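The chain contents come next:
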Amino acid sequence: MPIISNTVQNNGGGASASVTPRSHTYRSGGSMLHLQEGQTLKGVISDIHGMEITLSMEDGSSFTGKLPEASQYSIGQKAAFQITGLESNTIYMKALTNAYLLDMEDTIEQALEEANLPKTERNLDVVRSLLKNQQSISRESILSSIRLCARFPDAGVDSVITMKRLGMPMTPESVRQFENYQNQAHKLLYKMDNLTDSIGDMLNSIGTQVPRLAKEVGSQLLSIALQGNPSLEETALKILQEAEAELPGNPAWEEDAAPHDENGNPILPESAENPEEAVSADAAGGPLSRMKQFLSHITDGSAVAKTAITESGLSNDFRTPFIQEQSGFLLSPAEREEFARFLSEYPLPDSVKEGIADGTLTARDFLTAVREAFPDMGEEQAGSLLANKAFHALVKGQFLSGWTLSPERLKQENALDEVYDKMSRQFESLSKFSEQVLGKDVFPQMSHTASDMSDNLDFMRTLNQTFQYIQLPLKLQNQNVHGDLYVMTRKEALKKNPNNLKVLLHLDMEHLGTLDIHIAKENNSVSTKFFVSSPETKKLLEKNIELLSDAINEQGYAFQSELALKEKEVDIVDDFITAEAPVGDIKRYNFDLRA
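Keep in mind the model is a prediction, meaning the values are calculated, not measured.

The rules we used
- Residue positions are given per chain, counted from 1 along the sequence in the order it is written.
- With the structure being a predicted model, the display of local features is reserved for residues of pLDDT at least 70 and the display and counting of side-chain atom pairs for 80 or more, all residues being used for whole-chain, interface and lining totals.
- Hydrogens and water are ignored here; the side-chain numbers use all heavy atoms of the structure.
- Elements are defined by DSSP. Helices are runs of H or I of four residues or more, strands are runs of E of two residues or more, and each kind is numbered from the N terminus.
- Remark: exposure states derive from per-residue accessible area (1.4 Å probe, protein chains only) relative to the maximum for the residue type, with buried under 20%, exposed over 50%, and partly exposed in between.
- A carboxyl oxygen of Asp or Glu within 4 Å of a side-chain nitrogen of Lys or Arg is what we treat as a salt bridge.
- Arc definition: it is the arc formed by the directions from the helix axis to the C-beta atoms.
- The contact criterion used is simple: two residues touch if any of their non-hydrogen atoms lie within 4.5 Å.
- Note on geometry: axes are lines fitted to C-alpha atoms, helical ones only across the stretch in contact, with angles between N-to-C directions running from 0 to 180 degrees.
- These descriptions rest on fixed angle ranges, namely under 35 degrees for roughly parallel, over 145 for roughly antiparallel, 65 to 115 for roughly perpendicular, and the rest for oblique.
- Basically, the charged four are Asp, Glu, Lys and Arg, the nonpolar ten are Ala, Val, Leu, Ile, Met, Phe, Trp, Tyr, Cys and Pro, and anything else, Gly included, counts as polar.
- In this scheme, strands are said to pair when DSSP sees at least two bridges between them.
- Confidence scores labelled pLDDT are given residue by residue by the predictor and lie between 0 and 100.
- Expected span of a helix, by definition, is 1.5 Å for each gap between consecutive residues, and there is one gap fewer than residues.
- Fitting axes to the seven residues ending at a residue and to the seven starting there, one defines the bend at that residue as the angle between these axes.
- For any pair of crossing helices, the crossing counts as left-handed if the nearer helix is rotated counterclockwise from the farther one by less than a right angle, and right-handed if it is rotated clockwise.

### Points about unusual backbone geometry
Across the chain, the bulk of peptide bonds are trans and the bulk of non-glycine residues have phi less than zero.
Phase 1 of the analysis: In this structure, Asn414 takes a positive phi of about 70 degrees despite not being glycine.
Phase 2 of the analysis: Tracing the backbone shows Asn414 in the loop between α19 (407–410) and α20 (415–437).
Phase 3 of the analysis: Residue Asn414 is classed as partly exposed on the basis of its relative accessible area of 41%.
Phase 4 of the analysis: Look at Asn523: it is not a glycine, yet its phi comes out positive at around 55 degrees.
Phase 5 of the analysis: Of note, Asn523 is situated in the loop between β12 (513–522) and β13 (525–532).

### Section: the pattern of salt bridges
Phase 1 of the analysis: For the structure shown, the criterion picks out 22 salt bridges.
Phase 2 of the analysis: Across the salt bridge formed by Asp452 and Arg176, the nearest N and O atoms sit 2.6 Å from each other. Here Asp452, found in helix α21 (residues 444–463), pairs with Arg176, found in helix α5 (residues 172–182); they are 276 residues apart in sequence, far enough to count as distant.
Phase 3 of the analysis: Here Asp452 falls in the buried class, since its relative accessible area comes to 10%.
Phase 4 of the analysis: The exposure class assigned to Arg176 is partly exposed, which follows from its relative accessible area of 32%.
Phase 5 of the analysis: Residue Glu337 pairs with Arg341 through a salt bridge whose shortest N-O separation is 3.3 Å. Placement of the pair is Glu337 and Arg341 together in helix α14 (residues 333–342), with a separation of four residues, close to one helical turn.
Phase 6 of the analysis: Its relative accessible area of 51% is what places Arg341 among the exposed residues.
Phase 7 of the analysis: Each member of the salt-bridge network shares a partner with another, and the members are Arg176, Lys191, Asp452 and Asp455.

### Examining helix α15 (residues 350–358)
Phase 1 of the analysis: When we look at burial in α15, the residues that qualify are Val352, Lys353, Gly355 and Ile356. Seen along its axis, α15 keeps its buried residues to an arc of 160 degrees; they face one direction. Exposed residues on α15 whose side chains face more than 90 degrees from its buried face are Asp350, Ser351 and Glu354.
Phase 2 of the analysis: Summarising the contacts, the buried residues of α15 are in contact with α13 (327–330), α14, α16 (363–373) and α18 (389–403).
Phase 3 of the analysis: Of the residues flanking the end of α15, it is Gly359, one or two places downstream, whose phi is positive at about 85 degrees.

### Quick word on the packing of α18 against α20
Phase 1 of the analysis: α20 packs onto α18 with a crossing angle of 140 degrees between their chain directions and a minimal axis gap of 8 Å. Relative to α20, the element α18 lies oblique. The residues of α20 that touch α18, namely those facing Phe399, Gly402 and Trp403, are Val419, Lys422, Met423, Gln426, Phe427 and Leu430.
Phase 2 of the analysis: By residue class, the composition of the contact of α18 with α20 is six nonpolar, two polar and one charged.

### Some words on the pairing of strand β4 (residues 40–49)
Phase 1 of the analysis: Two elements, β4 and strand β7 (residues 78–86), share five bridges in a ladder whose sense is antiparallel. Its bridge partner being in β7, Leu41 is matched across the sheet by Phe81.
Phase 2 of the analysis: Pairing of β4 with strand β5 (residues 52–57), which is carried by six bridges, proceeds in the antiparallel orientation. Residue His49 lies in a different strand from β5, and its bridge partner there is Glu52.
Phase 3 of the analysis: Between the antiparallel neighbours β4 and β5 lie two residues, among them Gly50 with a positive phi of about 65 degrees.

### Observations regarding the sheet that holds strand β9 (residues 468–475)
Phase 1 of the analysis: Strand order in the open sheet formed by six strands is β9-β10-β11-β12-β13-β14, and the pairing between neighbours is mixed. The open sheet has two free edges, formed respectively by β9 and β14 (558–565), since each of these has just one partner strand. Strand-to-strand twist in this sheet, taken as the mean axis angle between neighbours without regard to direction, amounts to 15 degrees.
Phase 2 of the analysis: Where strand β10 (residues 480–487) meets strand β11 (residues 500–509), six bridges bridge the pair, whose relative direction is antiparallel. By the bridge assignment, Leu485 is partnered in β11 with Leu505.
Phase 3 of the analysis: Where helix α23 (residues 535–553) meets the sheet, its contacts fall on β12, β13 and β14, and the angle it forms with β14 comes to roughly 170 degrees.

### Brief notes about the confidence of the model for the protein chain
Phase 1 of the analysis: Confidence in the prediction of the protein chain, expressed as mean pLDDT, is 76, and 71% of residues score 70 or more.
Phase 2 of the analysis: Note that residues 98–102 has pLDDT below 50 and, in this model, twelve contacts with residues that lie over four places away or in other chains.

### What to know about α20
Phase 1 of the analysis: Look at α20: 32 Å from first C-alpha to last across 23 residues, which is about the 33 Å you get at 1.5 Å a residue.
Phase 2 of the analysis: At Ser431, α20 shows its largest bend, some 30 degrees.

### Let's talk about the packing of α14 against α15
Phase 1 of the analysis: Across the interface, α14 lies against α15 with an axial gap of 7 Å and an inter-helix angle of 160 degrees. As the angle between them shows, α14 and α15 are arranged roughly antiparallel. Between α14 and α15 lies a crossing whose hand is left-handed. Of the residues in α15, those touching α14 at Arg336, Phe339 and Ala340 are Lys353, Ile356, Ala357 and Asp358.

Pasting the structure below:
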């Protein structure tokens, strides 16, 4: 029975003006509908497919017809239509706005009754989730969803049905990762801490319980840790150290060459690496690439930020001038002194021991020297080294250095791809390490955590087939920071209008708390809105927002910003996912039902 727009027929007159109500019987599928003028048909919209809409009524009957305005209705919406006229081939009806007000739970129970399905808690959850996801609640749809959810008994119904709506591949691993993201348990940076702590536990167990395996285990693990190239900061440090070594005793060298910035950090000469060229090349990429520039401006200007933070009383714990890869950052002065004494009898170069003591040696250089020295160590000596907590801290620092990105590194083309490729290789190697070297189910925590992180990366690739999202494990001057970058503009919309872009950058800062930064770019205009978790952070950002403004204005953009305190926590992941299928205001229209 096609349903068509009936604006004209329902303007009074016609069949609806008949003094004696007329009645008529119609066939709808296997049911007979006996209808009378003035009668109100009440039901629930159980399916919408294009212009086709299905209304399931209280008596169990239903009809499906075509309605041009079908998209204005929602599955699960309660609807009531009054019959205004009956003819042999046409039923004239008008929508009643407030005549039918069943609540959500009534709708859910009615849907199960009409489908002849038991009202178990899980079945109720299935229908509830179908309504939330704007999916059909016909008998076929409910049964199909119940069967699908049965395939993943340990997963929440809502996760399974949401993934089905989004057309995402569904395996036990992908469903588990989807729930991790929904529950905010997805953050790689925090999982990195757990994994490296598990590595430390494994090294301690080997060193204390089976020292005969220490050299083999240590050598293979360090080979995994040392994969890949040094970080940008390590490269800069190496250049400066080599330059200083060539000019010993020349105090003017540091003044003339200016190898450090105002914070005491090494500066990489332009001849070695030109970040500005990388920015220009990267700016031609996709939306994620373009937003790297904004991120770098937000995290730059650390000198002013440090002063402001100290003045605000938030923190004054800065361990400059060491970079994060150096032993001076990874170990306290007392720990370095004690570890240097511990290493005095080890077959390591004096320069390595001195570099540990004064904090200048990087974790990479130390672990490289240890790997080379393993053949010259005794079993007990190697075991004692693997059990040492300072050794664990340097191993952890080396892994984290390879899995995090500094703002300067983030500016470089393909930086994210390279870091994620490195993570993928090392997570896979670590998940197999225990079984290959020590035997199956030995140190399962390390293997399980590494495997979970590999699944996390795989799921993020899957997620990016539908959404543009990336985790940003950031390496700032004195801390590692978890970040999420959500591109709120959908891919199709971005193709149509590439000059309009909306993103959300979420940062979990140690001293500043949680920052949610909404960034909108429209042609040459950029606007930001910062949502902060404390008045102190808001005051700090207000004092220094001009740093960001000047940096973006210099690139030719008109910039404006707004800062606000968070009034409540929002579910960013849920908002991001549901934005794929937004539900707008529901409007009701008059329409005809044609037999």
